[in-house]
Amino acid sequence: MAAPAVPDTQKAWVITRRGVPAQAVHLDTKFPVSKKLAKGEVLVRVQAAAFNPVGYKMMGLLPNFVARRPHVAEHDFAGVVVDANGSGLKEGHEVYGWIPLPLKLSTKQGALCEYVRVPAQLVIPTPPGVKTTEAAGLGLAGMTAYHALFATTRLEPGQHLFVNGGSTAVGMLAIQMAKALGCTVGASASGKKEGFLRGLGVDRFVDYTQGPVYEQLAKDPPSPKYHVLLEAVGTADPLVYTRSEAYLAPGGVFLSVGPQPGVGGGFGGFARLMVALMTPKVLGGTKAQWKLISVDDRRSELEEFGRYIEDGRVKSVVDSVFAFEDVLKAYERVMEGRSTGKVVVKVDPSVE
Ligand SMILES: NC(=O)c1ccc[n+]([C@@H]2O[C@H](COP(=O)([O-])OP(=O)(O)OC[C@H]3O[C@@H](n4cnc5c(N)ncnc54)[C@H](OP(=O)(O)O)[C@@H]3O)[C@@H](O)[C@H]2O)c1
């Protein structure tokens, strides 16, 4: 049976202005489908899409002339290729993928819609056994976690890793890759998430509600100390970095996702981080290496991350699934900052 023709317009959640999602995002039922593909691009019928905190943070921060609104919201999706455009993919292939922020701003493409035009190098076949709603949330968080551990630094088998924010989407993917590599892993979250993180293989759990993480780590550092400390919260205490000599091995590296500007991290978080980075050792600073994770759209990284998913060493964790009409409720869940795994919407209600 021939595939249904691609329509000229679609339903899409479009960001039209700066603000919180309830003010800034609107359901457009006649948004144009971007069917004209450049070389190397494919068209994907989106079946499920997922959220990242950067979505609502940028919405609240960037003015229209920088963000080039209106554009479709969010970065992560899973669906079916409807125009492979001579790429290695085939029409009908189930894929998952992501749209990096700079590409989103230049193409106006996003995930919360029915059809997305995207470079083929940013999508990868969904392996059998992985549900569409599970695949939908892997892109941005997966690429961030992979890039942190294997490009920003090079985590080695047997090393010790601590993930501040182990139950964040980035954190839980990093934990699973590190455990697959044979590393010893510590992680923080609130106490109710200990069981979940132990289930991912976490060897040492720190409950951040029971006192500052840096104090708990300094009181009982591992031996050898951590080789890599991944700060995956984005709003966290800079003291975790400045006090890290007590638990970060000499030559070890502190990797940070942020702080992200906007809600949560705020410019206060940015200022605190700058002070922490510039404070000399004599005044309580540290010489430990600090690196910002700046996610990369390299095809090789998506393929290498994809292998962890394909062979089941890393599993996608879904916090909640919303209907396409309930995008604003889904944003509320993301903005609570309490999700364990990805917040997903079904664009096609028939998928699992
Ligand atoms: N640099 C980059 O390229 C890049 C890319 C992607 C994401 N990011 C940033 O990375 C951060 C994480 O994103 P995400 O999507 O992975 O987050 P997420 O899944 O939305 O994070 C939710 C989790 O954060 C945990 N959490 C909140 N406050 C915490 C704290 N003080 N200590 C430990 N855990 C805490 C919550 O656990 P509890 O319920 O236990 O508090 C919850 O499970 C965000 O700031 C995001 O903007 C950066």
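Only a predicted model underlies this, so the values are computations on that prediction, with no experimental measurement involved. (Residues numbered from 1 in each chain as written. Predicted model: local features only at pLDDT ≥ 70, side-chain atom pairs only at ≥ 80, totals over all residues. Heavy atoms only, no water.)

Participant: In this structure, what is going on with the domain arrangement of the protein? I would like to understand it.
Facilitator: By a widely used convention, the size of an interface equals the accessible area lost when the partners come together. Domain annotation of the protein identifies domain 1 (9-138 + 316-346) and domain 2 (141-292). Taken together, the 14 residues of domain 1 in the interface contact 15 residues of domain 2. At the boundary of domain 1 with domain 2, total buried surface from both sides reaches about 1300 Å², with 63% on carbon and sulfur atoms. Contact with domain 2 buries area across many residues of domain 1, yet K57, L61 and T340 alone supply 36% of it, more than any other trio. The interface formed by domain 1 and domain 2 holds four residue pairs in polar contact (both at pLDDT 80 or more) in total. The greatest single-element share of the side of domain 1 that touches domain 2, amounting to three residues, is contributed by helix 2 (residues 53-61). The residue makeup of the side of domain 1 that touches domain 2, split by class, is five nonpolar, five polar and four charged. (Domains from an automatic or database assignment. Contact = heavy atoms within 4.5 Å. Buried area = accessible area lost by both parts, 1.4 Å probe. Polar contact = N/O pair within 3.5 Å; in protein donor to acceptor, adjacent residues only side chain to side chain. Helix = DSSP H or I, 4+ residues; strand = E, 2+ residues; numbered from the N terminus. Nonpolar A, V, L, I, M, F, W, Y, C, P; charged D, E, K, R; others polar.)

Participant: How should I be thinking about helix 7 (residues 169-181) in this particular structure?
Facilitator: Residues spaced three or four apart along an α-helix face the same direction, because each turn holds 3.6 residues. Over its 13 residues, helix 7 runs 19 Å from end to end, which matches the ideal 18 Å to within 8%, given 1.5 Å per residue. Judged by how many residues are buried, helix 7 sits mostly within the fold: 10 of 13 residues are covered. Looking at helix 7, one finds that the buried residues are A169, V170, G171, M172, L173, A174, I175, Q176, M177 and A178. Following helix 7 by one or two positions, G182 adopts a phi angle in the positive range, close to 90 degrees. (Expected span 1.5 Å × (residues − 1). Buried < 20%, exposed > 50% of the residue type's maximum accessible area, 1.4 Å probe, protein only.)

Participant: Where do I start with the pairing of strand 12 (residues 226-231) in this structure?
Facilitator: Both faces of the sheet carry side chains from a regular strand, because those side chains alternate between them. Most of strand 12 is tucked away: five of the six residues are buried. As paired strands, strand 9 (residues 160-164) and strand 12 are joined by four bridges and run parallel to one another. When the bridges of strand 12 are listed, V163 appears paired with L230. Taken together, the five bridges between strand 12 and strand 13 (residues 248-256) define a ladder with parallel strand orientation. Along strand 13, the bridge assignment pairs V228 with V253. (Pairing = 2+ DSSP bridges.)

Participant: What's the story with the site of the ligand in this structure? I'm lost.
Facilitator: Near the ligand lie 23 residues; those nearest to it are S167, S190, K193, Y208 and S339. A distance of 3.2 Å separates a nitrogen atom of the ligand from a polar backbone atom of V257. Residue S339 places a main-chain N or O atom 2.7 Å away from an oxygen atom belonging to the ligand. Bound to the protein, the ligand loses 90% of the 940 Å² it would expose on its own. Taken together, the elements giving at least two residues each to the shell around the ligand come down to helix 2, helix 7 and strand 10 (184-189). Class assignment for the residues of the shell around the ligand results in 10 nonpolar, 10 polar and three charged. Counting contributing residues, the shell around the ligand receives three or more from each of domain 1 (9-138 + 316-346) and domain 2 (141-292). (Near = heavy atom within 4 Å. Areas by Shrake-Rupley, 256 points an atom, 1.4 Å probe, with all protein chains shown as cover.)

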